[in-house]
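# Remarks on the overall topology
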Amino acid sequence: MKKSLLLIALLCPLWLFAQSESDYRTIKGVVMDSVTNETLIGATVMIDPDAAEVKNLGPKGTITDFDGKFELKVPKAVKYVVVSFVGYKNAKLDVTKTTEFKVMLQPDQEQLTEVVVTGYQQIEKRKSTSAIQTVKMDDIKSIGVASIDQLLEGQVAGMTSIPTNGAPGAPNKMRIRSTVSLTGSTDPLWVLDGMILEGNDIPANFSDKDNIDNLYNTSIAGVNPADIESITILKDAAATAIYGAKAANGVIVVTTKKGATGKMRVNASAAMFITTKPDLGKLNLMNASEKVDFELGMAGISDLTYKTDKGSVARILSEFDQLDVFRTGGFDAISLDAQKAINNLRNTGSDWGDLLYQSAVN
């Protein structure tokens, strides 16, 4: 009896091992470049991590040897295996139908042909020796931005953005190489699809309607950020070799999107944002009565050049010819009509914060 139990104990691990081996299948194959037909050394072959049936399995995989071959043991529950290699598109293999594969990986053109636009040519970024930075619009999408200058804020190293004025939505002046100049402008040169754009400075003649229309325009104003594919910034002196002296302050090359055969796509987007009016409650502003007292105090100082047409109190004193009377005898000495008119000013104050500002919905 003891011998039988001992024999069963020895055979159990062998039976369990045979049972576990039956739950696996071994797949083999070779991984090659579909263009050159050369084998790929070090390609990764692993169980599809996105498959639902392997959520309880740990990561399992292998890499190809010097001949581009691989061999991997996977559970029979696994249906797909993914083959990947740097610079190539991933291939998904169905391991339920066969166990031997010849995998032809397709080169990933998007990764191999990343280029920068310099003005007269497009070259691979890794071959460029100039100070060039490319910004993809898909990487800097922002809601509530109406112009390109606002979109580029904080996106390019060394580029600064300076508002032209304090008005809401005012355009910004971009600076790449310098912010000051003794003789001329420090604006960079804007190039849109190969066309040089000239800047619009504030005109001297405001009687011309065209000047009024272009008063707040910058070179790139009016271009929809959604129509832009990429922006290339040329920072160093090499830009002057392409565009001349105009490029002394750097160049911003804008490339817009273009249609492609068989790749029609329609995008619809909407955004709403609210600009709240400034909180003026923290400012120590005078009310109407305090303003009247301030004007009376200024009128009472005889050694000041007092402009009788500036300020409501000054106009009332001038209207009733009571300025000299006020300076000699004070407020109680002026006529009752003048006192009444000045006291009425204390109750006619306006909240200029509400009159000048309001919350805007865009």
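Okay, so let's go over this structure. Model, not experiment: these values are computed from the prediction.

### Structural notes on the packing of aromatic side chains
As enumerated under the stated definition, the model contains 1 aromatic pair in all. For the ring pair Phe85 and Tyr88, a centre distance of 5.7 Å and an interplane angle of 50 degrees mean the geometry is tilted. The ring of Tyr80 is capped by Lys92, whose NZ or CZ atom sits 4.8 Å from the centre of that ring.

### Remarks on the environment of Asp23
Relative to the elements of secondary structure, Asp23 occurs in the loop between helix H1 (2–21) and strand S1 (24–33). Separated by 51 residues in sequence, Asp23 and Val74 place their C-alpha atoms 8.7 Å apart.

### Brief notes about the nonpolar core
If you look at the biggest cluster of nonpolar residues, it comprises 19 residues, and the most contacted ones within it are Ile27, Val31, Val45, Val83, Phe101, Val103 and Leu105. Mapped onto this core, the elements with two or more residues apiece are S1, strand S2 (44–47), strand S4 (69–75), strand S5 (80–84), strand S6 (91–94) and strand S7 (100–105). In contact with Ile27, not counting residues within four places along its chain, are Phe70, Glu71, Leu72, Val81, Val95, Thr99 and Phe101. Among the nonpolar cores identified, the runner-up in size contains 18 residues, and Leu152, Met159, Trp190 and Ile231 belong to it.

### As for helix H9 (residues 336–345)
When H9 is considered as a whole, its buried residues turn out to be Ala338, Gln339, Ile342 and Leu345. Considered in projection along H9, the buried side chains sweep an arc of 115 degrees and stay on one side of the axis. Counted as exposed and oriented over 90 degrees from the buried face of H9: Leu336, Asp337 and Lys340. Summarising the contacts, the buried residues of H9 are in contact with helix H6 (288–299) and helix H7 (312–319).

So, how was this worked out
- Residues numbered from 1 in each chain as written.
- Predicted model: local features only at pLDDT ≥ 70, side-chain atom pairs only at ≥ 80, totals over all residues.
- Heavy atoms only, no water.
- Phe/Tyr/Trp six-rings, centres within 6.5 Å; stacked < 30°, edge-to-face > 60°.
- Lys NZ or Arg CZ within 6 Å of the ring centre and 35° of its normal.
- Helix = DSSP H or I, 4+ residues; strand = E, 2+ residues; numbered from the N terminus.
- Core = buried A, V, L, I, M, F, W, Y, C linked by side-chain atoms within 4.5 Å.
- Buried < 20%, exposed > 50% of the residue type's maximum accessible area, 1.4 Å probe, protein only.
- Contact = heavy atoms within 4.5 Å.
- Arc of directions from axis to C-beta.

Read these as spatial facts, not as claims about activity.
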